[in-house]
Amino acid sequence: MAPKIQGEPLDRAVEAVFNATLRDVRSALEKIPVSSAGFAALISPEADKIAGRIEKAAHDLTAQRFGHTVNLYIPLYISNYCVNNCSYCWFGRGNSITRKTLSHDQVAREGARLLEDGYKSVLLVAGEDPKHISVSYISDCITQMKKLGFVFVGLEAQTMSVDQYRRLGEAGLDSVTVYQETYDREIYHRVHPTGPKHDYDRRLDTADRVAQAGIRNVGLGVLLGLGDFTRDALALASHVKYMQNRYWQTMVSVSVPRIHSWPGGGYMENRVSDTQLARLTMAMRLAFPDIILTLSTRESPGLRDRLFGVGINQVSAGSKTHPGGYTETSEDAAGEQFPVVDNRSPAEVTEAIRQKGLEWVWKDWDVNLKPVG
């Protein structure tokens, strides 16, 4: 069972963040990986006073561990059917969008199109609806991706049992992404009012089941803007540490996407600034030197470009967030999960990576020396 990341220990950690001094921030940088206390100092407002020094430390550590490279991956949405009603997601059951589950032929066409762009790493994404998105269907999609030539296949979909994840691992699955969304139990239940995802504890324990099934990578994260920034950042760091200590054979990756808009124009009470996001990204790298840190196309081109190589070592580019997004016409378009902010093509993103003095990588042992296009 995953730790219950809440209560008095978390309250004390939050207090430490707001009591942090500039001396605490400087002290945190003296020993890397930084301690839990050091992480708290690095996400505190005091850290902004020496932001340049922290950025250099995160940059240098990223280069030391991963070289001057940024990995590229692409999400491939296979279905937007969902029985949950998450208030922040356009896939929610109560939203009036065009629903679609791709046929195997459509999945193959999408995959072939992405291979033409150079992608070798793909993340299959789906809502949660066992009637339209069965384990057998997902297994077949994974097998298709491997046969097409993708060397890394991840999944972000409904939570499953150990046996189900083991079955998908046998089909070739390399990674499972399962964001807790927020570690604040009260807010979690409020934004997940109905559906299987309403079960906070089952969601929290999913990463354990992934590791127990032998899947080699598990992706953790929070959806910044749901809960309090400080509490969710500290809880996420605690969860990463727990996974690394308990399942040392399993690689951990982290992403901290932000909400920029809400279905129906709902109000977000915990908006997170660019400064806070950058602060958290660098603190995560300095606390966990060997994790994969991912930045999605939810963020603006300017912020993404700034963080390439500064903690971030994996990004998506040219993403579409609806089934059939890469091969079907707009007239056939199904509803999207969220609006993309960075709409640049893969060629434009790889050029931005090159401008930072970095190399873009389609897979972690195959470096490309010139931009696509």
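Quick caveat, the model's predicted, so the values are computed rather than measured.

What counts, and at which threshold
Residues numbered from 1 in each chain as written. Predicted model: local features only at pLDDT ≥ 70, side-chain atom pairs only at ≥ 80, totals over all residues. Heavy atoms only, no water. Buried < 20%, exposed > 50% of the residue type's maximum accessible area, 1.4 Å probe, protein only. Helix = DSSP H or I, 4+ residues; strand = E, 2+ residues; numbered from the N terminus. Pairing = 2+ DSSP bridges. Right-handed = clockwise from strand over helix to strand, strands pointing away. Contact = heavy atoms within 4.5 Å. Axes fitted to C-alpha atoms, helices over the stretch in contact; angles between N-to-C directions. Parallel < 35°, antiparallel > 145°, perpendicular 65-115°, else oblique. Left-handed = near helix turned anticlockwise from the far one by under 90°. Nonpolar A, V, L, I, M, F, W, Y, C, P; charged D, E, K, R; others polar. Core = buried A, V, L, I, M, F, W, Y, C linked by side-chain atoms within 4.5 Å. Lys, Arg positive; Asp, Glu negative; His and termini not counted. Salt bridge = Lys/Arg side-chain N within 4 Å of Asp/Glu carboxyl O. Polar contact = N/O pair within 3.5 Å; in protein donor to acceptor, adjacent residues only side chain to side chain. pLDDT = per-residue confidence, 0-100.

Participant: How would you summarise the pairing of strand β1 (residues 69-79) if you had to cite specific residues and measurements?
Facilitator: Counting buried residues in β1 gives 11 out of 11 residues, a clear majority hidden from the surface. Of the pairings in the sheet, the one linking β1 to strand β2 (residues 121-126) comprises 5 bridges and is parallel in character. Each bridged residue has a counterpart across the sheet, and for Tyr77 the counterpart in β2 is Val125. In terms of handedness, the path from β1 via helix α5 (residues 104-116) over to β2 forms a crossover that is right-handed.

Participant: With reference to specific residues and values, describe the environment of Gly172.
Facilitator: Position of Gly172 relative to the elements: it lies in the loop between α7 (162-171) and β4 (175-177). The sequence separation of Gly172 and Lys49 amounts to 123 residues, and the corresponding C-alpha distance is 46 Å. In this structure, Gly172 is in contact with Ile142 and Lys146, ignoring residues within four places of it in sequence.

Participant: Explain the packing of helix α11 (residues 229-246) against helix α12 (residues 274-287) to me, using residue names and the numbers behind them.
Facilitator: Where α11 meets α12, the closest approach of the two axes is 12 Å, and the angle between their N-to-C directions is 20°. When the axes of α11 and α12 are compared, the pair comes out roughly parallel. Along this stretch, α11 crosses α12, giving a crossing that reads as right-handed. Contact residues: Phe229, Ala233, Leu236 and Ala237 in α11; Gln276, Arg279, Leu280 and Met284 in α12. Per-class residue counts for the contact of α11 with α12 are 6 nonpolar, 1 polar and 1 charged.

Participant: Before we move on, can you summarise the nonpolar core with the specific residues and values?
Facilitator: Soluble, globular proteins show a tendency: their nonpolar side chains are buried together. Phe39 and Leu124 are the most contacted members of the largest nonpolar core, which totals 104 residues. Ranked by the residues each element gives to this core, the list is headed by α11, at 9 residues. Setting aside anything within four residues of it in sequence, one finds Leu124 in contact with Leu76, Ile78, Cys141, Ile142, Met145, Val153, Gly154, Leu155 and Glu156. Residues Cys82, Cys89, Phe91 and Leu226 belong to the second largest nonpolar core, which totals 18 residues.

Participant: Describe in detail the packing of α5 against helix α6 (residues 135-148), supporting the description with residues and values.
Facilitator: Two measures define how a pair of helices packs: the angle their axes make with one another and the distance between the axes. At a minimum axis distance of 10 Å, the contact between α5 and α6 shows a crossing angle of 35°. Between α5 and α6 lies a crossing whose hand is right-handed. Side by side, α5 and α6 meet where His104, Val107, Ala108, Gly111, Ala112 and Leu115 of the first sit next to Tyr137, Asp140, Cys141, Gln144, Met145 and Leu148 of the second. A breakdown of the residues in the contact of α5 with α6 according to their chemical character gives 8 nonpolar, 3 polar and 1 charged.

Participant: For the side chain of Asp232, give the residues involved together with the corresponding values.
Facilitator: Tracing the sequence through the fold places Asp232 in helix α11. Comment: no salt bridge for buried Asp232; closest opposite-charge side chain is Arg231, at 7.1 Å. Of note is the side chain of Asp232, whose polar atom sits 3.0 Å from the side chain of Thr182. A polar atom in the side chain of Asp232 sits 2.8 Å from the backbone nitrogen of Tyr183. Ignoring anything within four residues of it in the chain, the contact list for Asp232 reads Glu181, Thr182, Tyr183, Asp184, Val222 and Gly227.

Participant: Lay out the confidence of the model for the chain with the relevant residues and their values.
Facilitator: For the chain, mean pLDDT is 92; residues scoring 70 or higher make up 94% of the total. For the stretch residues 365-373, pLDDT sits under 50, and the model shows 21 contacts to residues farther than four places along the chain or on other chains.

Participant: How would you explain the pairing of strand β5 (residues 217-221) if you had to name every residue and give the values?
Facilitator: Most of β5 is tucked away: 5 of the 5 residues are buried. The alternating pattern of β5 places Asn217, Gly219 and Gly221 and Val218 and Leu220 on opposite faces, both of which are buried. Pairing of β4 with β5, which is carried by 3 bridges, proceeds in the parallel orientation. Among the inter-strand pairings, Thr177 is bridged to a residue of β5, identified as Gly219. Relative to strand β6 (residues 251-255), β5 runs parallel, the two sharing 5 bridges.

Participant: I'd like to hear about unusual backbone geometry, residue by residue, with values.
Facilitator: With the exception of glycine, the majority of residues adopt a negative phi angle, and the majority of peptide bonds are in the trans configuration. A cis amide bond, omega 5°, links Ile32 with the succeeding residue Pro33. Its place among the elements puts Pro33 in the loop between α2 (22-28) and α3 (36-42). Non-glycine residue Glu181 carries a positive phi angle of around 75°. In this structure, Glu181 sits in the loop between β4 and α8 (185-191). Residue classification places Glu181 among the buried positions, given a relative accessible area of 6%.

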